[in-house]
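Reading the structure
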Protein chains: 2
Amino acid sequence: MYIEQIKNPYDVKKLNKEALKTLAAEIRNALINKLSKRGGHFGPNLGMVEATIALHYVFDSPKDKIVFDVSHQSYAHKMLTGRKDAFLYEEHYGDVSGYSNPKESEHDFFTIGHTSTSVSLACGLAKARDLKGEGGNVIAVIGDGSLSGGEALEGLDYAPELKSNLIIVVNDNDMSIAENHGGLYENLKLLRESDGKAERNIFKAFGLEYVFVKDGNDINSLIEAFKSVKDVNKAVVVHICTEKGKGYTPAEQSKEAWHYCAPFNMENGKSLAKASGADYASMTADYLLGKMKEDKTLVAVTSGTPAVFGFNAEKRKEAGAQFADVGIAEETAVALSSGVACGGGKPVWGVYSTFVQRTFDQLSQDLCINKNPAVILNFWASIYAMNDVTHLGIYDIPLLSNIPNLVYLAPVTKEEYFSMLDWSLKQREHPVAIRVPVEVINGAKPVERDWGVLNRYGVEQRGQDVAVLALGSFYGLGERACTAIEAITGVKPTLIKPYYISGLDELLLEELKSDHKIVVTLEDGILDGGFGEKVARFYGSSSVKVLNYGFRKEFLDRFNAEDVLNESGITPEAIAGDISELLK
Amino acid sequence: MYIEQIKNPYDVKKLNKEALKTLAAEIRNALINKLSKRGGHFGPNLGMVEATIALHYVFDSPKDKIVFDVSHQSYAHKMLTGRKDAFLYEEHYGDVSGYSNPKESEHDFFTIGHTSTSVSLACGLAKARDLKGEGGNVIAVIGDGSLSGGEALEGLDYAPELKSNLIIVVNDNDMSIAENHGGLYENLKLLRESDGKAERNIFKAFGLEYVFVKDGNDINSLIEAFKSVKDVNKAVVVHICTEKGKGYTPAEQSKEAWHYCAPFNMENGKSLAKASGADYASMTADYLLGKMKEDKTLVAVTSGTPAVFGFNAEKRKEAGAQFADVGIAEETAVALSSGVACGGGKPVWGVYSTFVQRTFDQLSQDLCINKNPAVILNFWASIYAMNDVTHLGIYDIPLLSNIPNLVYLAPVTKEEYFSMLDWSLKQREHPVAIRVPVEVINGAKPVERDWGVLNRYGVEQRGQDVAVLALGSFYGLGERACTAIEAITGVKPTLIKPYYISGLDELLLEELKSDHKIVVTLEDGILDGGFGEKVARFYGSSSVKVLNYGFRKEFLDRFNAEDVLNESGITPEAIAGDISELLK
């Protein structure tokens, strides 16, 4: 196979056009084979095989620098830059990450996992090149779905300012993760239908030069286009039309489902992932669909990731105008939600924890200064969620809980979650965020509480000497810790559900002083700026001792959650040991 | 005067065209008069007088809802919506804020002070209207300078998705705060020069309908244009060309200087503000200009606010290609800086604390995961800086100090600041942010320290029992607190400059345990998620007591800093009192 001979991009240049086509087929087969066994980003990578070959055929990486937006289409690039073994041989599958990674290769310049950043990052590389008086091309590769993000649009606007070489390859497969939303996609359609000739052209309007490639899966056309822009001294867009999932029929037919895949049966495309039973995504969509029927002002909002709260195509259709996808544009999702709430509606924005951090200023300024009653459902905020460094969900507590006026809630059971969601939709006083647990736990009892009486924690077990404040998804750990503490020390601890991440139950904490010596906090997030530190501050001037359990402030990557818990001393046994020591 | 008769927008509708012109002149006079005495946003407000009159003549506020981006052009609106007295009569000048404010009037829908949010917020109002089946127009007014912000561009993209009434008035005065930067401004120029007829049209490319008004200071043209779009059932842009500072010659001639003004002499336009002596803005620009000459890879980066670090037009010219203004696009400023650093250059981004919060995700993902050595100078991070609720600088510590890999420094003296800046430019290991003090304090001694040995605090006075960790701009307070503590208790405290906001000097803190009973932290920011809480966590399991001084998590508005300090118990006397009590 050709691919076995490719040690670096220069080997690509040695192949003739026919061999390049064969190489593409080999890469595609390897991708389908590996992804069927390991899962990963499927559709975007399959669509970019030819373009990646053509890029490396024409340009000279790493002197010419290619920046892949969001990295969902960087696998072929990895195969052509010394990392083919990680795609060809099962024993090496784990050698590379799913994202571009400078630690793996000199052909990668940034670790990237969030969308819409490539153009601005590439502008920086180009600026450095120019300041240093060096040559070479800088190339940003960005999918059409990523274009709706503000940072990408800022980048398109800024790029012509460089007045220097910058090549932006727009990989237009006519899909975001789900379908695209936004006016610019009408323009992309017009450009596709007019073979790039339409005068109404978003890229030209931003001051960019423009080249159109009708068949972005045809290597020859791509090589010709890339050659035509190599070493230009301005910012130029090469708009290539590719097919998402190309070469694997099920993926060509069901583009949304095949954006990312779990391991699957290659013959029929059926997922090999076990049915996971009850999950909060589908339960949330069903709950909201039910509420929508009673209340026409309720609208579910997504920023390009409808699956996060269970809105598949069918449920989106059922919701109709009560479902709003703003495209990958988290900032606008927050502003839109604030506006809807201001106008008397009930917006519910579902978002992954790793992406909520794209909206700090909108949460603060657009939403919380205005105290509009929007609801944010923050999913996958846990060490047990995604474990790639770019997609961690453990930084949300410092981010959300320190914004004034935002009520940030941590339910433990399913009943508590839906009770909180219910309240958040009824009330008109507060912006509310809910940290949706990863695991569904059925509560023993129905929940009857007015969550509007803020910052009142729940005492689940009344003991003495030691109190354990176990936040949200770490409540089960708190229960086990209490058992272990009692077993080792004989002391029966008080066990508390704090419920409110954004505020202290000062009455309860004050009361604990009378017969408690140690207060323990457990949180499924980093310690710095988090919940436990607020408790430590509260007790700072008292004789009550405080032990905070959570994660160090660091960027973890591809870890096993249990390992992290063990290394952080967050196990019932370790906690009980610490307490026992401190009680001596 | 007509203006004295305007109680609400309906009174505007009663006037004939000639009277409307007179009204415009009256409003402009009142604005110039008030602003000469009180200062405020000058140029943008003067340019929007006619358009605001025309908006209220044609539309029916508050049924029709007008959202003013950034509020820099909302003064005439305030005058026409029941708040004229605050502009006409000196005794009422303080009755209104400088920003749109729902607490003041039913004609304001959001408190807004950051740019680029109006379109997305207006989309939300429109969505709520449609969900409720109501009618009425929703109008976003946005300046050309604000268009470069990602959130605004996202909003332009999303607006056509509503398939419903949304009117976006683009107030094009051909200026941002300084001159505009970005490719879209070439397009605005083309549209102005072609009377809106050019086929290359950024708004149409986003799928928006488009109406052009050549003279945006001509009431008749404006009324005609607004009438033509009233009650349309789609998203439409009305592009009006106005003159920034219109009606006051000095402001027409020096648009950047007159974006905002301090009180001035109306006769000659000369500022009445006292010359403020040494300031870090101009010292920083001069320092960087010096460094640029030695190092051609150093680039100063701004996101539309060059004045923040002293780069006036002359200094920008001197810096040439080593100064980069990305337009109001903070996210791109961070990504660009990361890219420049990755490419071997030395970027220094100067930013106001209130705007650094627009970049959390870029700081985390684009910059800190990649550990690129960019430098961020964070200005006006203090209770003594801006005091409008939308422009507070006291939330940066929770934001910046909890991001892994970012070194966040707090200098006290001028010598420390420049020593840190020097180090941050030399090293290639860390992204570094510096919290630039508001007040310039000359140090008694030169600074010789390797800031690369992270998290080593400075012990300025060695005492016992009590240690005071006085961060950055609160160091002077720390000194005074020590004096007061000693006076009251007879105990001479240890006084420490923590220097590193993002990390604890664990060795020193551990050592303090041996002969200290109380550790005090002082920080010029909110307590929640801040520096002091980390110290409280550190000592949580020990017998050392910790007292944290800082501000409550709340949105303050138009306050006197000394009042806030007094109310928060952050005075030398109050602190000494607390210590004395605790030592008993």
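What counts and what doesn't
- Residues numbered from 1 in each chain as written.
- Chains lettered and ligands numbered in written order.
- Predicted model: local features only at pLDDT ≥ 70, side-chain atom pairs only at ≥ 80, totals over all residues.
- Helix = DSSP H or I, 4+ residues; strand = E, 2+ residues; numbered from the N terminus.
- Rg over C-alpha atoms; globule rule 2.2 N^0.38 Å.
- Buried ≥ 20, exposed ≤ 12 C-beta atoms within 10 Å, placed from the backbone.
- Contact = placed C-beta atoms within 7 Å.
- Pairing = 2+ DSSP bridges.
- Right-handed = clockwise from strand over helix to strand, strands pointing away.
- Axes fitted to C-alpha atoms, helices over the stretch in contact; angles between N-to-C directions.
- Least-squares fit on C-alpha atoms with pLDDT ≥ 70 in both.
- Core = buried A, V, L, I, M, F, W, Y, C linked by C-beta atoms within 7 Å.
- Parallel < 35°, antiparallel > 145°, perpendicular 65-115°, else oblique.
- Left-handed = near helix turned anticlockwise from the far one by under 90°.
- Nonpolar A, V, L, I, M, F, W, Y, C, P; charged D, E, K, R; others polar.
- Domains from an automatic or database assignment.
- Expected span 1.5 Å × (residues − 1).
- pLDDT = per-residue confidence, 0-100.

**Quick look at the overall build of chain A**
Within chain A, the secondary structure is distributed over 24 helices and 18 strands. In terms of overall dimensions, chain A is globule-like: its C-alpha atoms have a radius of gyration of 26 Å, near the 25 Å expected for 584 residues. By its C-alpha atoms, chain A is 80 × 55 × 50 Å across when sized along the principal axes. The buried share among the 584 residues of chain A stands at 60%.

**Observations regarding the interface of chain A and chain B**
At the interface, 99 residues of chain A touch 98 residues of chain B. When residues in the side of chain A that touches chain B are grouped by element, the largest group, 11 residues, is from helix 7 (residues 118-131) of chain A.

**Quick notes on helix 8 (residues 150-158) of chain B**
Counting buried positions along helix 8 of chain B yields nine of nine residues, so the element is predominantly enclosed. Looking at helix 8 of chain B, one finds that the buried residues are Gly150, Glu151, Ala152, Leu153, Glu154, Gly155, Leu156, Asp157 and Tyr158 of chain B.

**Some points on the pairing of strand 15 (residues 465-470) of chain A**
Residues and elements named next belong to chain A. Buried residues dominate strand 15, accounting for five of its six residues. Judged from the six bridges that link them, strand 15 and strand 17 (residues 516-526) form a sheet pairing that is parallel. In the strand pairing of strand 17, Ala470 is matched with Leu522. With respect to chirality, the unit in which strand 15 leads through helix 20 (residues 475-489) into the neighbouring parallel strand 16 (residues 494-497) is right-handed.

**A look at the sheet that holds strand 3 (residues 138-143) of chain B**
Residues and elements named next belong to chain B. Pairing is parallel in the open sheet, where five strands are placed in the order 2-3-4-6-5. In this open sheet, the two edge strands, each paired with only one partner strand, are strand 2 (65-68) and strand 5 (209-213). Here the average twist between neighbouring strands, direction ignored, is 20°. Both strand 3 and strand 4 (residues 166-172) contribute to a ladder of five bridges, which runs parallel. Across the sheet, residue Ile142 finds its bridge partner in strand 4, namely Val170. With respect to the sheet, helix 11 (residues 219-229) is in contact with strand 4, strand 5 and strand 6 (235-241), its orientation differing from that of strand 5 by roughly 165°.

**Details of the relation of the copies chain A and chain B**
Once chain A is rotated about the relating axis by 180° and shifted along it by 0.0 Å, it coincides with chain B to within an RMSD of 0.0 Å. The operation mapping one copy onto its partner corresponds to a two-fold rotation axis. The residues that chain A uses at the interface reappear at the interface of chain B in 99% of cases, marking a shared surface.

**A short note on the nonpolar core**
In terms of nonpolar packing, the biggest core is built from 391 residues, with Val520 of chain A together with Val520 of chain B touching the most fellow members. What Val520 of chain A contacts, discounting residues up to four positions off in sequence, is Val466, Ala467, Val468, Leu469, Leu547, Tyr549, Ile575 and Ile579 of chain A.

**Some remarks on the packing of helix 20 of chain A against helix 24 (residues 572-583) of chain A**
All names here are of chain A. At a minimum axis distance of 8 Å, the contact between helix 20 and helix 24 shows a crossing angle of 45°. Considering the angle they form, helix 20 stands oblique to helix 24. Our pair here, helix 20 against helix 24, has a crossing hand that is right-handed. Judged by residue contacts, Leu477, Arg480, Ala481, Thr483, Ala484, Ile485, Ile488 and Thr489 of helix 20 engage Pro572, Glu573, Ile575, Ala576, Ile579, Ser580 and Leu583 from helix 24. Taken together, the residues of the contact of helix 20 with helix 24 sort by class into 10 nonpolar, three polar and two charged.

**Structural notes on the domain arrangement of chain A**
Residue and element names in this part refer to chain A. As assigned here, chain A comprises domain 1 (3-261), domain 2 (280-435) and domain 3 (458-583). Tallying the contact residues gives 21 residues for domain 1 and 14 residues for domain 2. Broken down by class, the residue content of the side of domain 1 that touches domain 2 amounts to four nonpolar, 16 polar and one charged.

**Quick notes on the packing of helix 22 (residues 531-539) of chain A against helix 22 (residues 531-539) of chain B**
Between helix 22 of chain A and helix 22 of chain B, the least distance of the axes is 8 Å, while the angle of their chain directions is 75°. The angle between helix 22 of chain A and helix 22 of chain B places the two elements in the roughly perpendicular class. Every residue of helix 22 of chain B that contacts helix 22 of chain A at Gly532, Glu533, Lys534, Ala536 and Arg537 of chain A is listed here: Gly532, Glu533, Lys534, Ala536 and Arg537 of chain B. Broken down by class, the residue content of the contact of helix 22 of chain A with helix 22 of chain B amounts to two nonpolar, two polar and six charged.

**A closer look at helix 2 (residues 17-38) of chain B**
Between its first and last C-alpha, helix 2 of chain B extends 31 Å over 22 residues, near the 32 Å set by a 1.5 Å rise per residue. Looking at helix 2 of chain B, one finds that the buried residues are Leu20, Leu23, Ala24, Ile27, Ala30, Leu31, Ile32, Lys34, Leu35 and Ser36 of chain B.

**Overview of the sheet that holds strand 16 (residues 494-497) of chain B**
Residues and elements named next belong to chain B. Ordered in space as 14-16-15-17-18, the five strands form an open sheet in which the pairing is mixed. Strand pairing shows two members of the sheet lacking a second neighbour, strand 14 (458-461) and strand 18 (545-551), which therefore form its edges. Neighbour-to-neighbour, the strand axes of the sheet open up by a mean angle of 25°, direction not taken into account. Pairing between strand 14 and strand 16: three bridges, direction antiparallel. Paired with Gln461 across the bridge in strand 16 is Leu495. Across the sheet, helix 24 (residues 572-583) is in contact with strand 15 (465-470), strand 17 (516-526) and strand 18; its angle to strand 17 comes to roughly 150°.

**Structural notes on unusual backbone geometry**
With glycine set apart, most residues show a phi of negative sign, and most peptide bonds adopt trans. Backbone torsion omega between Ser61 of chain A and Pro62 of chain A reads 10°, so that peptide bond is classified as cis. Position of Pro62 of chain A among the secondary structure elements: in the loop between helix 4 (49-58) and strand 2 (65-68). Phi is positive for Asp231 of chain B, which is not a glycine, with a value near 65°. Among the structural elements, Asp231 of chain B can be located in the loop between helix 11 and strand 6. Positioned with a positive phi, Lys371 of chain B is a non-glycine residue whose angle comes to about 50°. Mapped onto the elements, Lys371 of chain B comes out in the loop between helix 17 (360-368) and strand 11 (375-379). Using a count of 20 C-beta atoms within 10 Å as the deciding quantity, one classes Lys371 of chain B as buried.

**Section: the confidence of the model for chain A**
Overall, the prediction assigns chain A a mean pLDDT of 97, with 100% of residues at 70 or greater. ipTM for the predicted complex: 0.97, alongside a pTM of 0.98.

**Comments concerning the environment of Ser282 of chain A**
Residues and elements named next belong to chain A. Its place among the elements puts Ser282 in helix 13 (residues 280-294). Assessed through the 16 C-beta atoms surrounding it within 10 Å, Ser282 is described here as partly exposed. Considered as a pair, Ser282 and Ala333 are 51 residues apart in the sequence and their alpha carbons are 21 Å apart.

**A closer look at the environment of Gly247 of chain B**
All names here are of chain B. Turning to its location among the elements, Gly247 is positioned in the loop between strand 6 and helix 12 (249-253). It is 8.6 Å that separates the C-alpha atoms of Gly247 and Ala25, two residues lying 222 residues apart in sequence. Beyond its immediate stretch of four places on either side in the chain, Gly247 contacts Arg28 and Leu46.

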